[in-house]
Structures are given as structure tokens and as C-alpha cells.
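Understanding the architecture of this molecule
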Amino acid sequence: MKTSLWTVCLFIFTMLLISCESEGEGIKPERINLIESVYSSIIIEPDSFYKVFAATGGIIDEIMVEEGEQIKKGDPVARVVDDNSILASQNAELEMNLAKQNYEGKSNLIKDLQNELAVATLKLTNDSTNFERQKRLWDQKIGSETEFEQRKLAYQTAQNNVSALRRQLKRKQDELQIAFQKSQNNYANSLNKQADFMVTSRVSGKVFELLKEEGESLGQQEPIAYIGSSGRFIIKMQVDEVDIVQVKKDQTVYVTLDAYENKVFEARVEKIIPQMNQETQTFWVEASFIDPPSVLYSGLRGEANIVIEKKENALTIPLAYLIDFNKVITKAETLTVVTGLRSLERVEILEGLDSNTTLIKP
């Protein structure tokens, strides 16, 4: 019984010793082709993707497209109605017609002044004849001076009256003309507002989603639909603020999509949105596929790695063997090293190690 227990203890001690010796052997730096990249989560969206808004609120009277339908720029998407706008347009038309009648002299406003002017003109003709007759007589020293002065005063008064009525008629015609033009402008403006109730597409593409149904109320800040390009998709990447300064236009991007397992697609950075999202502390970066998948849908998600730098035959060690960003452990001592490129798993060693140095995992 004692011999058996001793044998078991010896076996366990031997295994532990072998294990410790195996761990103590460590690893040596390796030369590989290293790629440093920035990681990002992604979402696929159509190019020229935008929300369709109405110029004004109201009730959705009719939706003229279906999800998945191809439409052209300027095609109607929906029609919105508003009773107040219709009544305003009708009132503007009535006011315009009334102003037109007034301006064209079909109302009493102009006719009354024209009649007064006609009477005044007739009186002026009569007073002018009487004045001229009395003047001839007075030149011949016939009649009294008082009668001559009365005829002259009546003639001058008639002249002034006719001039005043003509000015009044011209002023009233100008006022009515301006009122007519304003009413025309108001009516045209009301028609334009009614045209705003017809919602049209700003791009040619596909209707990806309808957000409202017929009969629903619509506010000015509420979108009706999502429309975008059907032939070209973009990759929208959320890049952390710590990494954004390393991202440049035209950099290579390697993309994996949840819908395409074990496939890697190559893309290229096209645009960096310079405004940071304060909630997520990230920046939007857009990329385009070099050779896109055969089938893509809006909203597909995945991951991406933006290639920052590549280096061939770089001396590297696993990241797990690096301590405090610049130290490694050997069998004899702790060494300080200078690092270079980093990937998700390995880091480049620029100074402090060679390929023959054995490292112990901390």
C-alpha cells in the first residue's frame, strides 16, 4: 500500500515538472507579413439613401408607390391633403376675381368716378363756351366786368374739378391694379402650397420602406418613406474617435458580412464624415465595394478592418507576451522593447529583441 502511494506521488510530481519545463521553453519572435488595421462595425445602405419628407403636414390621401418599386426622379410618392389649405386657395381665387372686376371697371368703384368725370367734363365744355362768349363781349366793352369774372371763375372751377377727378380716377385705377396683382400673387402662392402637398422623389432608385399608410396624419418632421439607389450600395462604418485620425481616403478595407459567412470582401474608403456623434463618440466613414456580393440588401450588418499600414517580413511576437506596452520576459530578465505595427493578435518589435530570443508568457 505504501509502495503504491509513493508511485502515484512520484508520477504527479514528474507531470508537474514536465509541464513547468514545457511552459518555461516559451516562444521566439517570428517574421511575418503584418497588417495594422482599424476595426469597425458596419451597416450596408443604398447610395443616395434619404428620407422622404413632405413640405407641409396634413392627412395622407394617397400613397402612389410600393416597397421594392423602381421610381424616377420627380415621380410622385404620396399626396397629402389639408382642408385649411384648400379653403385658403378658394378664398384667394374669390378675392382675385373680385379684384379683377374692380380693376377692369366692371364694378361701381370705377363707374361712379367715370360718370362724375363725364358730368364734370360736360360742365367744363359748357362753362368754357360761356366764358369765351363773355370774353368776346367784354373785349368789345359789352356787358359788365362782374359777369365776365363770374364766367371766368366758373370755367376755372370746372377745369380744376375735371383735373381732380382725372387724378382721382387714375389713382383709383392704380390702386385696383396693384390690388389685382397682389390677389394674383396670393392665388398663385396658394396653388404652390397645394402643389407642396404632392410629395415627389428627389432621386431615381428603389423604394426600400414605406413609413406611413393612407389616412394617417403626417407632421412636417415625419418621413414618409426611404428611397435610395438600387444598383449601388455603400458601407457605413462606425470608427472610434481614438482611431479616426489614422483613417484616410482610398485606404483598403476588408469586410465580412453576417449574411455571407467565411467570405471576405475588399472595399475602399470613399468619404470620412468630419462630425463626431457625441452619443457614441464615433465617426461615420463610408466605403464602396471593389467587387460587391451578388445580392445586397439595405440594413445588412457585419464587420470591417480598415488597413492602416502593411509591412513584409516584420519581426513580431504575440500581443499576449507584451507587458506594459513595451516590456517582455525572458528566462533571464525583463527587457524593454520598441514596438511598431500592431494587428489584433501580434505586434512588431523594432528594437530590443532578435529572432533567437526566447520569451516567457507573463
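Presented here is a report on the structure given in the accompanying data block. Computed from a predicted structure; not experimentally measured. Going along each chain's sequence as written, the residues are numbered from 1 onward. Side-chain atom pairs in this predicted model are given and counted only at pLDDT of 80 or more, local residue features only at pLDDT of at least 70, and totals for whole chains, interfaces and linings cover all residues. Calculation of side-chain values draws on the structure's entire complement of heavy atoms; hydrogens and water are dropped beforehand.

Let's shift gears to the overall build of the protein chain. Secondary structure summary: the protein chain contains four helices and 19 strands in total. For every accessible area listed, the method is Shrake-Rupley and the probe measures 1.4 Å; residues are considered covered only by the protein chains on display. Of the roughly 22,900 Å² of accessible surface on the protein chain, a fraction of 50% belongs to carbon and sulfur atoms. Only DSSP runs of H or I covering at least 4 residues are called helices, and only runs of E covering at least 2 are called strands; the numbering of each starts at the N terminus.

Aromatic rings from Phe, Tyr and Trp, with only the six-membered ring used for Trp, were paired whenever their centres fell within 6.5 Å, and each pair was classed as stacked if the ring planes differed by under 30 degrees, edge-to-face if by over 60, and tilted otherwise. In the structure shown here, the tally under the stated rule is seven aromatic pairs. For the ring pair Phe49 and Tyr226, a centre distance of 5.4 Å and an interplane angle of 10° mean the geometry is stacked. Here Phe49 is found in the loop between strand 1 (30-46) and strand 2 (50-53), whereas its partner Tyr226 is found in strand 9 (residues 223-228), with 177 residues between them in sequence. Between buried and exposed lies partly exposed: a residue is buried under 20% and exposed over 50% of the maximum accessible area for its type, with that area taken using a 1.4 Å probe on protein chains only. Given a relative accessible area of 27%, Phe49 falls into the partly exposed group. On the numbers, 6.4 Å between centres and 80° between planes, the contact of Phe208 with Phe233 is edge-to-face. With Phe208 in strand 7 (residues 205-210) and Phe233 in strand 10 (residues 233-240), this pair connects stretches of sequence that are 25 residues apart. Consider the ring centre and the ring normal. A charge sits over the ring if Lys NZ or Arg CZ is within 6 Å of that centre and within 35 degrees of that normal. Here the basic side chain of Lys236 rests over the ring of Trp284, its NZ or CZ set 4.6 Å away from the ring centre.

Here we come to the environment of Asn160. Along the chain, Asn160 falls in helix 4 (residues 145-196). Asn160 sits in the exposed class, given a relative accessible area of 53%. Considering only alpha carbons, one finds Asn160 and Leu124, 36 residues apart in sequence, at a separation of 9.3 Å.

Attention now moves to the pattern of salt bridges. Any Lys or Arg side-chain nitrogen found within 4 Å of a carboxyl oxygen on Asp or Glu counts as a salt bridge. In total, this model carries 11 salt bridges according to the counting rule given. For the salt bridge of Glu45 with Lys236, the shortest nitrogen-to-oxygen distance reads 3.9 Å. Here the residue Glu45 occupies a position in strand 1, and Lys236 occupies one in strand 10, the gap between them amounting to 191 residues. Just as Glu45 is buried, Lys236 falls in that class too. A salt bridge links Lys271 to Glu286; its shortest N-O distance comes to 4.0 Å. With Lys271 in strand 12 (residues 260-272) and Glu286 in strand 13 (residues 282-289), this pair connects stretches of sequence that are 15 residues apart.

A strand pair is defined by DSSP finding two or more bridges across the two strands. The four strands lie next to each other as 2-9-7-4, forming an open sheet whose pairing is antiparallel. In this open sheet, the two strands that pair with only one neighbour each are strand 2 and strand 4 (70-71). Where strand 4 lies against strand 7, two bridges are found, and the strand directions are antiparallel. Paired with Gln70 across the bridge in strand 7 is Lys206.

Okay, the nonpolar core next. With 25 residues, the main nonpolar core has Ile235, Met237, Val253, Val255 and Leu257 as its most contacted residues. Those elements that place two or more of their residues in this core are strand 1, strand 10, strand 11 (252-257), strand 12, strand 13 and strand 14 (301-318). In what follows, a contact means two residues having at least one pair of non-hydrogen atoms within 4.5 Å. Not counting residues up to four positions away in its chain, the partners in contact with Met237 are Ser40, Ser41, Ile42, Val253, Val269, Phe283, Trp284, Val285, Glu286, Ala287, Ala304 and Ile306. For our purposes a nonpolar core is just a set of buried Ala, Val, Leu, Ile, Met, Phe, Trp, Tyr and Cys residues, chained together by side-chain atoms within 4.5 Å. Core analysis: the next-biggest nonpolar cluster, separate from the first, contains 18 residues, Ile60, Val65, Val77 and Val80 among them.

Two strands pair when backbone bridges link them, and strand 3 (residues 58-63) and strand 8 (residues 217-218) are joined in this way by two bridges, in the antiparallel orientation. In the sheet register, Gly58 faces strand 8, and the bridge partner there is Leu218. In this structure, strand 3 lies alongside strand 5 (residues 76-81), joined through four bridges in antiparallel fashion. Bridge assignment links Ile63 to a residue of strand 5, and that residue is Ala78.

This brings us to helix 3 (residues 108-139). Helices are assigned an expected span. That span is 1.5 Å times one less than the residue count. For helix 3, which comprises 32 residues, the first-to-last C-alpha distance of 45 Å matches the rise-based estimate of 46 Å (1.5 Å per residue) to within 8%. The set of residues buried in helix 3 consists of Ile110, Leu113, Leu117, Ala120, Leu124, Asp127, Asn130, Phe131 and Gln134. Phi for Lys141, located one or two positions after helix 3, is positive at around 65°.

The phi torsion at Gln281 lies on the positive side, around 60°, for a residue other than glycine. Relative to the helices and strands, Gln281 resides in the loop between strand 12 and strand 13. Overall, Gln281 belongs to the partly exposed group, its relative accessible area being 28%. If you check the backbone angles, Asn313 has positive phi at about 55° while not being a glycine. Within the fold, Asn313 resides in strand 14.

In this sheet, strand 14 lies alongside strand 1 in antiparallel orientation, the contact comprising 13 bridges. Considered in strand 14, the bridge of Ile32 is made with Ala314. Summarising the sheet, strand 11 and strand 14 pair through five bridges and their orientation is antiparallel. Pairing of Thr256 across the sheet is with Glu303, part of strand 14. Alignment of strand 14 against strand 18 (residues 346-351), held across three bridges, turns out to be antiparallel. Counted as the bridge partner of Pro318 is Arg346 from strand 18.

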